[in-house]
Amino acid sequence: MSTATASDASGLQARELTRDYPTRAEPLRILRGVNLSLARGNALAVTGPSGSGKSTLLHVFGALDRPTAGEVLINGRNPFALPEPELAAFRNREIGFVFQEHYLLPQCSVLENVLVPTLVAPDADAGVAERARMLLDRVGLARRLDHRPAELSGGERQRVAIARALINRPTLLLCDEPTGNLDRVTARAVADVILEMARAENATLIVVTHSAELAARLPKRMELVEGKLEEGNG
Ligand code: ADP
Ligand code: MG
């Protein structure tokens, strides 16, 4: 499907996604026909044990990694139909990522780190610094703008990463084990921030995790079982 046939559907759609990793023997099939329809603004947890393909799935949803077969539609557009430079711009504009590691730049301040994704956006305007301050205020870091990542706790670093993920007003927020490095109490607080911020920004949210406790916080849950997404119980 080309971008010219983009539908009105907003949110995320996946149809019969497969993803193989080549090996010296036969390819390793990690995703085996994933289907999903998640309307704009909805939130989903994807669970599954380590090695089940959760990160692989999130990379395909986030247009970081091409599926071997099948289709992803983000707000009705197939990102993989775009030429590479446009795909990178689309990803930067439409999708925010939060990973288990914060990937903050150690030499930059909190405020500068949040502004990094705006540096490549051609239409970034003077309002972005104000938006960065607003986001940092909302994640509880209004008084830490000038601090370096090394001066923050693990939970605070993830809060910065959440603000950075949202700076370009993405419609899709993808989180890969976002609380995996945090203690339980901090993990809960960071999960609160992710849920609140996604709601406030009307972003479609997908959190992949092996943590049942984190998954229970989301309104909808699915499980990655043998390469397919199945309805979770509850
Ligand atoms: P999860 O995030 O659920 O732990 P992953 O998506 O990281 O699972 O990995 C799923 C499977 O795919 C694992 O068996 C892993 O070893 C394999 N895998 C992941 N990335 C690659 C790669 N680039 N090349 C080959 N195999 C990979
Ligand atoms: Mg993973």
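Rules used in this analysis
- Residues numbered from 1 in each chain as written.
- Chains lettered and ligands numbered in written order.
- Predicted model: local features only at pLDDT ≥ 70, side-chain atom pairs only at ≥ 80, totals over all residues.
- Heavy atoms only, no water.
- Pairing = 2+ DSSP bridges.
- Helix = DSSP H or I, 4+ residues; strand = E, 2+ residues; numbered from the N terminus.
- Axes fitted to C-alpha atoms, helices over the stretch in contact; angles between N-to-C directions.
- Contact = heavy atoms within 4.5 Å.
- Core = buried A, V, L, I, M, F, W, Y, C linked by side-chain atoms within 4.5 Å.
- Buried < 20%, exposed > 50% of the residue type's maximum accessible area, 1.4 Å probe, protein only.
- 1 Å grid on protein atoms, 1.4 Å probe; cavity = no way out; pocket = protein on both sides within 12 Å on 5 of 7 lines; lining within 4 Å.
- Points joined across faces, edges and corners; volume = space filled by probe spheres on them.
- Phe/Tyr/Trp six-rings, centres within 6.5 Å; stacked < 30°, edge-to-face > 60°.

Some points on the sheet that holds strand S3 (residues 43–47)
Then comes step 1: Pairing is mixed in the open sheet, where six strands are placed in the order S5-S6-S7-S3-S8-S9. Strands at the two margins of the open sheet, each flanked by one partner only, are strand S5 (95–98) and strand S9 (228–231). Pairwise comparison of adjacent strand axes, ignoring direction, gives a mean angle of 25° for this sheet.
Then comes step 2: Pairing analysis gives four bridges linking S5 to strand S6 (residues 172–176), with the strands arranged parallel. Its bridge partner being in S6, Ile95 is matched across the sheet by Leu172.
Then comes step 3: This element, helix H1 (residues 54–61), spans S3, S5, S6, strand S7 (204–209), strand S8 (220–225) and S9 of the sheet and lies at about 160° to S6.
Then comes step 4: Here helix H5 (residues 154–166) sits on the sheet and contacts S5 and S6; the angle it forms with S5, its principal contact strand, is near 170°.

Some remarks on the nonpolar core
Then comes step 1: Ranked by internal contacts, the top residues of the largest apolar core, which has 39 residues, are Leu136, Ile162, Leu173 and Leu205.
Then comes step 2: Of all the secondary structure elements, the ones that give two or more residues to this core are S3, helix H3 (110–115), helix H4 (127–138), H5, S6, helix H6 (184–200), S7 and helix H7 (212–215).
Then comes step 3: Among the elements that line this core, the one with the most residues is H6, at eight residues.
Then comes step 4: For Ile162, the residues in contact, after removing those within four places along its chain, are Val98, Val190, Val193, Ile194 and Met197.
Then comes step 5: Formed by 30 residues, the second largest nonpolar core is a distinct cluster that contains Ile30, Ala63, Phe97 and Leu229.

Quick look at empty space enclosed by the protein
Then comes step 1: Scanning the model with the defined rule gives one cavity of 30 Å³ or more in all.
Then comes step 2: Estimated volume of the largest cavity: approximately 40 Å³.
Then comes step 3: As for the largest cavity, its lining consists of Pro178, Ala191, Ile194, Leu195, Leu205, Val207, Leu214, Arg217 and Leu218.
Then comes step 4: When residues in the lining of the largest cavity are grouped by element, the largest group, three residues, is from H6.

Let's talk about the packing of aromatic side chains
Then comes step 1: The tally for this structure, following the rule as stated, stands at two aromatic pairs.
Then comes step 2: Each ring, one from Phe97 and one from Phe99, has its centre 5.7 Å from the other, and the planes form 5°; the classification is stacked.
Then comes step 3: The interplanar angle of 80° and the centroid separation of 5.8 Å between the aromatic rings of Phe99 and Tyr103 together place this pair among those described as edge-to-face.
Then comes step 4: Judged by its relative accessible area of 24%, Phe99 is partly exposed.
Then comes step 5: Through pairs of rings, three or more aromatic residues link up here, namely Phe97, Phe99 and Tyr103.

So, unusual backbone geometry
Then comes step 1: Of note, Asn202 is a non-glycine position whose phi angle comes to about 55°, a positive value.
Then comes step 2: Examined against the element boundaries, Asn202 turns out to sit in the loop between H6 and S7.
Then comes step 3: Given a relative accessible area of 39%, Asn202 falls into the partly exposed group.
Then comes step 4: In this structure, Glu226 takes a positive phi of about 50° despite not being glycine.
Then comes step 5: Mapped onto the elements, Glu226 comes out in the loop between S8 and S9.
Then comes step 6: A residue is classified by how much of its surface remains accessible, and Glu226, at 70% relative accessible area, is exposed.

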